Amino acid sequence: MTTRKSFLQKAGLAAAAAFISPSIITSALAQQAKISKIGIGLFTLREQLTADVKATIEQVARIGYNQVETYYGYPGKYEVKGFWGLPAKDFNRLLKENKLTSPSGHYNTSEFLSSGDDEILKTHIEVAHSVGQKYFVIPALPTDVRANGTLDDYKRMAAKFNTAGELCKKAGLKLAYHNHNFEYKDQGNGATGYDILLNETDANLVGFELDIFWAVDAGLNPVDLFKKNPGRYKMFHVKDMDKQDKSVFAEVGSGRIDFKSIFAESKLAGVDYIFTEQDLIKKDVYQSITESYNYVKNNLI
């Protein structure tokens, strides 16, 4: 039943809206709906993809995911030609057949970061462009920097990020860096390697993909990171931390991380895309990624 009070309230809102520019209303709605799609980091499904890429992608779509984040050129057990045996154009077709897109991909940049040789980097940038990706992600730093990197090492990495960012920009892509926990180690006087990467990279060329698990593992509050560097965090990796053991990965919403407070500040962060991810899974894989999807859908966007 509409009461006189509620009628007047609605009438007042309507009158106010009449004086608001349509562009302002559209902008407000766009901000509200910015995170409307749910992606998954395909590293979560590396064994399944290696066994049967087509069936795996089909199952991801059936669960309800809208987007996928690829990984490409990784050395070791899961190294395969192309995207799990598919050339880029065929993988892109597979995604389209399942109404999926891939706005972001992780690429092996170890050689470029270590030696400065950009030939493989340029090839990977071409691959990213060919599957319609918007972000080219550096997934980690070279092993020696991870283990014993100094602030000077991080300055060198930042300079190479800027170079890679320029190359990405020429191809219509944006560069981003994905963190773990080692970058947050205090290097003295409160400075960290991550601070260097943020402060010495061009914000117009280099964004950041915040792995929420690893930031929390390092003892940080992601919201504090957003306040310190607003707009730099273009993507989230969304994975939870077991309530009893912080070293154990968990399905989103089942652990100790307060995702609601983090997502409430997604506009401040600057987020364009989100991807659930779980490095290690202790139950049926598809049950696990379904649980994470449902929590994000029902509670976070």
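Given the structure is predicted, the values throughout are model-derived calculations rather than measurements.

Looking at this structure, I do not really get the sheet that holds strand β1 (residues 39-41). What am I missing?
Whether parallel or antiparallel, the strands of a sheet pair through hydrogen bonds between backbone atoms. Taken together, the eight strands give a closed barrel; going around it, the order is β1-β2-β3-β4-β5-β6-β7-β10, and neighbouring strands pair in parallel fashion. Here the average twist between neighbouring strands, direction ignored, is 30 degrees. The pairing of β1 with strand β10 (residues 273-276) spans two bridges and is parallel. Bridging across to β10, Ile40 finds its partner in Thr276. Running over the sheet, helix α7 (residues 119-130) touches β2 (67-72), β3 (101-107) and β4 (135-138) and is turned about 140 degrees from β4.

How should the pairing of strand β6 (residues 206-211) be read in this particular structure?
Each regular strand displays side chains that alternate between the two surfaces of the sheet. The element β6 is largely enclosed, with a buried count of six among its six residues. Both faces of β6 are covered, namely the face carrying Val206, Phe208 and Leu210 and the face carrying Gly207, Glu209 and Asp211. Note: strand β5 (residues 174-178) against β6, four bridges, orientation parallel. The residue of β6 that forms the bridge with Leu175 is Val206.

Whenever I open this one, unusual backbone geometry confuses me. Can you help?
What you tend to see is this: most non-glycine residues have negative phi, and most peptide bonds are trans. A positive phi is found at Lys99, a non-glycine position, where the angle reads about 55 degrees. Tracing the chain through its elements places Lys99 in the loop between α5 (88-97) and β3. Since its relative accessible area comes to 73%, Lys99 is described here as exposed. Phi angles above zero are rare outside glycine, and Asn189 is one such case at about 60 degrees. Here Asn189 shows up in the loop between β5 and α10 (193-199). Classification of Asn189 by relative accessible area gives exposed; the value is 89%.

Just to check I follow, could you spell out the environment of Leu175 for this structure?
By the secondary structure assignment, Leu175 is in strand β5. For the pair Leu175 and Thr163, spaced 12 residues apart in sequence, the C-alpha separation works out to 10.0 Å. For Leu175, the contacting residues outside a window of four places in its chain are Tyr135, Phe136, Ile138, Phe161, Ala164, Gly165, Cys168, Leu205, Val206 and Gly207.

How should I be thinking about the nonpolar core in this particular structure?
Judged by nonpolar contacts, the single largest core of 77 residues is most densely connected at Phe161, Leu210 and Phe236. The element best represented in this core is helix α9 (residues 151-170), accounting for seven residues. Those residues within four positions of Phe161 in sequence are excluded, and the remaining contacts are Leu113, Ile138, Leu141, Leu175, Tyr177, Leu197, Thr201 and Val206.

In this structure, what is going on with the environment of Gly105? I would like to understand it.
As for its placement among the helices and strands, Gly105 is situated in strand β3. Given a relative accessible area of 0%, Gly105 falls into the buried group. Separated by 30 residues in sequence, Gly105 and Tyr135 place their C-alpha atoms 6.6 Å apart. In this structure Gly105 touches Glu69, Thr70, Gln133, Tyr135, Phe136 and Val137, once residues within four positions along its chain are discounted.

What counts and how
Residues numbered from 1 in each chain as written. Predicted model: local features only at pLDDT ≥ 70, side-chain atom pairs only at ≥ 80, totals over all residues. Heavy atoms only, no water. Pairing = 2+ DSSP bridges. Helix = DSSP H or I, 4+ residues; strand = E, 2+ residues; numbered from the N terminus. Axes fitted to C-alpha atoms, helices over the stretch in contact; angles between N-to-C directions. Contact = heavy atoms within 4.5 Å. Buried < 20%, exposed > 50% of the residue type's maximum accessible area, 1.4 Å probe, protein only. Core = buried A, V, L, I, M, F, W, Y, C linked by side-chain atoms within 4.5 Å.

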